[in-house]
Amino acid sequence: MSGSAPTTGTPATGTPATELPGTELPAEAVDRLVRAAERDLPALEERRRLGAEAVDAITAAGFLRHFVAREFGGTAGTFSALLDASATVARTCPSTAWCATLFAAHGRLASYLPAAGRKALWGDSPDVPIATAIMPPRGRAVPVPGGWLLSGRWDTASGVDHADWLLLASRTGAPDRPEHRVLAVPRADWTVLDSWRSLGMRGTGSHTVMVAETFVPERLSFTMADLAHPVAADAARCHRVPVQLAGALMFAAPVSGAAQGALDAWSVAAATPRTVRSSASDQALSESSAQIAAARLLLERAARRADRDEVTPLLVAENRRDAVTAVRWCAAAVDRLFHAAGSHVHRDGSPFQRYWRDITTAATHGALGLAAAAAEYADAALGPPAPGGR
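The structure displayed is predicted, hence computed values, not measured ones.

Q: Lay out the sheet that holds strand β2 (residues 140-144) with the relevant residues and their values.
A: Strand order across the open sheet formed by 4 strands is β2-β3-β7-β6, with antiparallel pairing between neighbours. Both edges of this open sheet fall to β2 and β6 (191-193), since each of them pairs with a single strand only. In this sheet, neighbouring strand axes are inclined to one another by 15 degrees on average, regardless of whether the strands run parallel or antiparallel. For β6 and strand β7 (residues 207-217), the ladder comprises 3 bridges, and the chain directions are antiparallel. What sits directly across from Val192, in β7, is Val209.

Put into structure tokens, the structure is as follows:
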């Protein structure tokens, strides 16, 4: 999900009102997840993965089934509803929101499997936790009759400790026509290597995984090129638009909520009687709060476009631009508040410090890189550069 999928393909037309945001992720269930995440916080960073209660609450809230097709009991939901729920959870725990949002997004990715592969994943339940490690392609996939023999190591698979399936990517095809192929592997066929030691987002458990060697049948595979096209002509809106239309949004949503959580924590500390206010801290609060609010507005617009608008290369580029910009604004706003705070934010146990670390780490994710987003937007808005022009 973190990679760059093609941004062109079959356009999606406007969506009937029946497919627009409703109650796909019920507020009361999301609130229960928030409370579970809050209880999980004391042990989260040392454990470096989510607790069982939080994972159960993610499932109960509907994140796992959010982008699963209705034929399997899924919601085939909207991007706007996922943005709202993700940001709400991230206001308390960014790591929990990150895993919940990616579990939802990975269900959308797995929907590109052939029909028999989709049935293998969701034939019994739409609530299947799926992790991924698909950018860059790694390992070795050797073609054999009926599929591939897959082996290798892949880094940073968020939430993998709790996953039942794993999407991995490797290079296949002829040397002159290479394919970026995604292969679905069940839990029994991989090993988690305890590798996640990070400044922030410690609770995501984004460990390395290893596959010694396993056979992956054709029904459990698709290529990244497939993501530019609808899953099926009569599919729900979320399965008719190119994945890249909302790819960066999936990573930006938790950052937006985390930034609001950081602002909340900073404001509580700044309002205590022992805190001495200054014009510099007042200015930091004013500018940062406006920047965080503006970032959320950008993401809400991007989600509405993904839910409703006719898809063009320019729209895809605008959505990626806006998601990347929103994350940069959130990171800058929280960094400004960090420097305007007192020494207390440097101490272990500071809630604000945890938000700052999480946002700083999340903002470096490859899907949120500015250079690629800027080049894509410039190409869509101005046309490709002349030879030697970039």
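Q: Tell me what's going on with the environment of Thr88, and back it up with residues and numbers.
A: Residue position: Thr88 is located in helix α3 (residues 79-90). Of the residues examined, Thr88 reaches a relative accessible area of 35% and is grouped as partly exposed. Sequence separation between Thr88 and Ala306 is 218 residues, and the spatial gap between their C-alpha atoms is 20 Å. Setting aside anything within four residues of it in sequence, one finds Thr88 in contact with Val30 and Val34.

Q: Quick one: what's the story with the packing of aromatic side chains, residue by residue and with numbers?
A: This model, assessed by the stated rule, comprises 6 aromatic pairs. The interplanar angle of 45 degrees and the centroid separation of 5.1 Å between the aromatic rings of Phe67 and Phe79 together place this pair among those described as tilted. Here Phe79 lies in helix α3 and Phe67 lies in the loop between α2 (52-61) and α3, a separation of 12 residues in the sequence. Take Phe67: its relative accessible area is 0%, and that puts it in the buried class. Here Phe338 and Phe352 contribute two aromatic rings whose centre-to-centre distance is 6.3 Å and whose plane-to-plane angle is 20 degrees, an arrangement assigned as stacked. In this pair, Phe338 sits in helix α8 (residues 313-340) while Phe352 sits in helix α9 (residues 351-362), placing the two residues 14 residues apart along the sequence. Each member of the pair, Phe338 as well as Phe352, is classed as buried. Here the aromatic cluster, defined as three or more aromatic residues joined through ring pairs, consists of Phe338, Phe352 and Trp356. Across the ring face of Phe67, the terminal group of Arg108 is positioned such that the distance to the ring centre comes to 6.0 Å. Taking the ring centre of Tyr355 as reference, the NZ or CZ of Arg354 above it sits at 4.7 Å.

Q: How would you sum up the nonpolar core? Please name residues and give values.
A: Counting 79 residues, the largest nonpolar core has Ile58, Phe63, Phe79, Met250 and Phe352 as the members making the most contacts within it. Once you skip the residues sitting within four places of it in the chain, Phe79 turns out to touch Phe67, Arg108, Cys238, Val241, Ala246, Leu249, Met250, Ala303, Ala306 and Asp307. Formed by 39 residues, the second largest nonpolar core is a distinct cluster that contains Trp154, Leu168, Trp190 and Leu220.

Q: Can you tell me about unusual backbone geometry, naming the residues and giving the values?
A: Omega for the bond connecting Met135 with Pro136 falls within 30 degrees of zero, at -5 degrees, which places this linkage in the cis form. By the element assignment, Pro136 lies in the loop between β1 (130-133) and β2.

Q: Before we move on, could you go through the state of the cysteines and cite the residues and values that matter?
A: What the rule picks out here adds up to 0 disulfides. Free cysteine: Cys93, not disulfide-bonded; nearest cysteine sulfur from Cys99 at 8.6 Å. When its relative accessible area of 2% is taken as the criterion, Cys93 is described as buried. By relative accessible area, Cys99 is classed as buried at 2%.

Q: Go over the side chain of Thr361 with me, naming the residues and quoting the values.
A: Among the structural elements, Thr361 can be located in helix α9. Within the structure, the side chain of Thr361 is placed 3.0 Å from the backbone oxygen of Arg357, a separation counted as a polar contact. In contact with Thr361, other than residues within four places in its own chain, are Ser198, Leu199, Gly200 and Met201.

Q: Lay out the pairing of β2 in plain terms, naming residues and giving numbers.
A: Here 5 bridges tie β2 to strand β3 (residues 147-157), and the two strands are oriented antiparallel to one another. Note that in β3 the partner of Ala141 across the bridge is Leu150. In this structure, the hairpin formed by β2 and β3 is closed by a connection of 2 residues, where Gly146 is found at a positive phi of approximately 85 degrees.

Q: Break down the sheet that holds strand β8 (residues 221-223) for me, citing the residues and quoting the values.
A: Spatial ordering of the open sheet is given by β1-β4-β5-β8, a layout of 4 strands whose pairing is mixed. Edge positions in the sheet fall to β1 and β8, since each of these pairs with one other strand and no more. When strand polarity is set aside, the average angle formed by the axes of neighbouring strands in this sheet is 30 degrees. Of the strand pairs in this sheet, strand β5 (residues 177-186) and β8 are connected by 3 bridges, and their pairing is antiparallel. Across the sheet, residue Arg181 finds its bridge partner in β8, namely Thr223.

Rules used throughout
- Within each chain, residue numbers correspond to sequence positions counted from 1 in written order.
- Totals for whole chains, interfaces and linings use every residue, but because this is a predicted model, local features are given only for residues with pLDDT of at least 70 and side-chain atom pairs only at 80 or more, for both listing and counting.
- Hydrogens and water are ignored here; the side-chain numbers use all heavy atoms of the structure.
- Paired strands are those between which DSSP finds at least two bridges.
- Secondary structure elements are defined from DSSP: runs of H or I of at least 4 residues count as helices, runs of E of at least 2 residues count as strands, and each element is numbered from the N terminus.
- Between N-to-C directions, angles span 0 to 180 degrees; the directions come from axes that are lines fitted to C-alpha atoms, helices contributing only their stretch in contact.
- When a residue's accessible area, from a 1.4 Å probe over protein chains only, is under 20% of the maximum for its type it is buried; when over 50% it is exposed; and in between it is partly exposed.
- By definition, residues are in contact when any of their heavy atoms lie within 4.5 Å.
- Two rings belonging to Phe, Tyr or Trp (six-membered ring only in the last case) form a pair when the distance between their centres is within 6.5 Å. Interplanar angles under 30 degrees mark stacking, angles over 60 mark edge-to-face geometry, and anything in between is tilted.
- Geometrically, a charge over a ring is one whose NZ (Lys) or CZ (Arg) sits within 6 Å of the ring centre while staying within 35 degrees of the ring normal.
- Nonpolar cores are built from buried Ala, Val, Leu, Ile, Met, Phe, Trp, Tyr and Cys residues. Side-chain atoms within 4.5 Å join them into one set.
- Here, a disulfide means two cysteine sulfur atoms that sit within 2.5 Å of each other.
- Polar contacts, as used here, are pairs of N or O atoms within 3.5 Å; protein pairs need one atom able to donate a hydrogen and one able to accept it. Residues neighboring in sequence count only if both atoms are side-chain atoms.

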